Amino acid sequence: MADVSTEVRESPLSVDECLKLVTRPAAGGITVFIGTVREQDDDRAVDRLEYAAHPSAAAELERVAQAVVATVPVFAVAVQHRTGRLEIGDLAVVVAASAAHRGEAFDACRRLIDDLKATVPIWKHQMFSDGDAEWVGSP
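Below or above, wherever it landed, is the structure these notes cover. In this text, all values refer to a predicted model and were calculated from it rather than measured experimentally.

Some words on the nonpolar core
Counting residues in each nonpolar core, the largest one holds 30 residues, and the members touching the most others are Val-74, Val-77, Val-95, Leu-112 and Val-120. Those elements that provide at least two residues to this core are β4 (44-53), α2 (57-71), β5 (76-82), β7 (91-99), α3 (102-119) and β8 (122-128). Each residue touching Val-120, except ones within four places of it in the same chain, is listed here: Ala-57, Glu-60, Leu-61, Val-64 and Asp-115. Of all hydrophobic cores here, the second largest spans 7 residues; its members include Leu-13, Cys-18, Val-22 and Val-94.

Quick notes on a nonpolar patch on the surface
On the surface, a cluster of nonpolar side chains totalling about 270 Å² of accessible area is made up of Leu-19, Ile-30, Val-32 and Ile-34. In terms of residue count, strand β2 (residues 29-36) provides more of the nonpolar patch than any other element does, 3 residues in total. Topologically, Leu-19 is positioned in helix α1 (residues 15-22). The exposure class of Leu-19 is partly exposed, given its relative accessible area of 32%.

Some words on the pattern of salt bridges
In the structure shown here, the tally under the stated rule is 11 salt bridges. Here Glu-87 ties to Arg-85 by a salt bridge, and the two come within 2.6 Å at their closest N and O atoms. The class of Arg-85 is partly exposed, set by a relative accessible area of 46%.

Structural notes on the environment of Ser-5
Checked against the element boundaries, Ser-5 lands in strand β1 (residues 3-9). It is 7.4 Å that separates the C-alpha atoms of Ser-5 and Leu-21, two residues lying 16 residues apart in sequence.

Some points on the state of the cysteines
Scanning the model with the defined rule gives 0 disulfides in all. Not part of a disulfide, Cys-18 finds its nearest cysteine sulfur in Cys-109, a span of 9.8 Å. Using a relative accessible area of 1% as the deciding quantity, one classes Cys-18 as buried.

Thoughts on the sheet that holds β7
On the basis of which strands lie adjacent, the open sheet formed by 4 strands has the order β1-β5-β7-β2 and mixed pairing. Of all the strands in the sheet, just β1 and β2 have a single pairing partner and so form its edges. Neighbour-to-neighbour, the strand axes of the sheet open up by a mean angle of 5°, direction not taken into account. Examined bridge by bridge, β2 and β7 share 8 bridges and lie antiparallel to one another. Bridge pairing in β7 links Ile-34 to Val-94. Of the strands in this sheet, β1 and β5 touch α2, which is tilted by about 155° from β1.

Cut-offs applied
- Residues numbered from 1 in each chain as written.
- Predicted model: local features only at pLDDT ≥ 70, side-chain atom pairs only at ≥ 80, totals over all residues.
- Heavy atoms only, no water.
- Core = buried A, V, L, I, M, F, W, Y, C linked by side-chain atoms within 4.5 Å.
- Buried < 20%, exposed > 50% of the residue type's maximum accessible area, 1.4 Å probe, protein only.
- Helix = DSSP H or I, 4+ residues; strand = E, 2+ residues; numbered from the N terminus.
- Contact = heavy atoms within 4.5 Å.
- Patch = residues over 30% accessible without salt bridge, like charges linked within 9 Å, V, L, I, M, F, W, Y side chains within 5 Å.
- Areas by Shrake-Rupley, 256 points an atom, 1.4 Å probe, with all protein chains shown as cover.
- Salt bridge = Lys/Arg side-chain N within 4 Å of Asp/Glu carboxyl O.
- Disulfide = S-S within 2.5 Å.
- Pairing = 2+ DSSP bridges.
- Axes fitted to C-alpha atoms, helices over the stretch in contact; angles between N-to-C directions.

What follows is the structure, encoded as structure tokens:
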């Protein structure tokens, strides 16, 4: 069974940390996805974001990662998602996967980020430069 590391945290995320968690001597492919806070959304200037997580978010993130490693032949996956206030350019999410071949590593990485976004209860509160704000992904 593959190694799984998942974390929801307020402190800054680390690409190097995720890379270290998935690096294996047998890995022929390692993929990393980095989601950052962008300065614009739908032609609106973004000032900053705040991420909020439901208390079940960490357990749901673990469930998502375990489901991926159960169906994609990988050696390891690592996922970190940030909460709290983030500025433009900050890392919001880092996903990494290692496998014998690049195809499986890419597949696992894509499934992890897609399933995380679709099911893990982490919500984005966008603050726009014009003073307006909106929640994204909240129930």
